[in-house]
Amino acid sequence: MNSIIKYLKGISQGLNTLWSGMKVTGYYFFNARKEIITVQYPDNKDTLKIPERFRGRVIMVHDQNNEHACNGCTMCEMACPNGSIKVITDKVLDPNTGKSVRIIDQHVYYFSMCTLCNLCVQACPSDALAMDGSYENAVFNREELTFVLNLPGSKIRDNVKD
Ligand code: SF4
Ligand code: SF4
């Protein structure tokens, strides 16, 4: 007798749970159009506001004179946990002092390996790096995910410490 009661109780609990779930489903079935919460991508691209702290991909910040703050110290490369950055430097003679100074030749960024952890941005002593707001980064060819972050023709700003 006890087992029959237990069995019926189980069925009753099952139906109760089903009813609770169906109530929610039924509510959204009839009210969904009044409460649209999904984002209508890509129709909303023009009005989309990317939050300031969004991490799209790493970029080097350049000003209007095409100057940046990277002195090639390689701190970002050392901070990166998975080798997504390679800083290639060069030595040139400073015409003012006659001394040899280090400049970057190429600041290479392998986006395909980057986990967007932001450690390189935090490690940079001169705030030369930042995360941009890009979010459409899918490509067919993996090689297209390798970037040289210093723009062509750019140079280091005068007031950046060595
Ligand atoms: S965000 Fe993280 S993983 Fe990506 S390059 Fe910077 S340190 Fe490396
Ligand atoms: S981006 Fe910053 S940390 Fe990286 S090499 Fe340049 S100055 Fe150094």
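Please read these numbers as outputs of a predicted model, since none were measured by experiment.

1. With respect to the environment of Q106
Stage number 1. Assignment of secondary structure puts Q106 in strand 4 (residues 100-110).
Stage number 2. Q106 sits eleven residues away from C117 along the chain, and the two C-alpha atoms are 22 Å apart.
Stage number 3. For Q106, the contacting residues outside a window of four places in its chain are I88, V148 and N150.

2. Some words on the sheet that holds strand 4
Stage number 1. Taken together, the three strands give an open sheet; going across it, the order is 3-4-6, and neighbouring strands pair in antiparallel fashion. Unpaired on one side and paired on the other, strand 3 (85-93) and strand 6 (146-148) mark the two borders of the sheet. When the angles between neighbouring strand axes are averaged without regard to direction, this sheet yields 25°.
Stage number 2. Where strand 3 lies against strand 4, nine bridges are found, and the strand directions are antiparallel. Looking at the pairing, V92 lines up with V101 of strand 4.

3. A look at the site of ligand 1
Stage number 1. Around ligand 1, 13 residues are found, and the nearest of them are C80, S84, C114, C117 and C120.
Stage number 2. Within the shell around ligand 1, the residues separate by chemical class into nine nonpolar, four polar and no charged.

4. Description of the domain arrangement of the protein chain
Stage number 1. Along its sequence, the protein chain is carved into domain 1 (2-34) and domain 2 (58-156).
Stage number 2. Each of domain 1 and domain 2 has a C-alpha centre, and the two are 57 Å apart.

Thresholds applied
- Residues numbered from 1 in each chain as written.
- Chains lettered and ligands numbered in written order.
- Predicted model: local features only at pLDDT ≥ 70, side-chain atom pairs only at ≥ 80, totals over all residues.
- Helix = DSSP H or I, 4+ residues; strand = E, 2+ residues; numbered from the N terminus.
- Contact = placed C-beta atoms within 7 Å.
- Pairing = 2+ DSSP bridges.
- Axes fitted to C-alpha atoms, helices over the stretch in contact; angles between N-to-C directions.
- Near = placed C-beta within 6 Å.
- Nonpolar A, V, L, I, M, F, W, Y, C, P; charged D, E, K, R; others polar.
- Domains from an automatic or database assignment.

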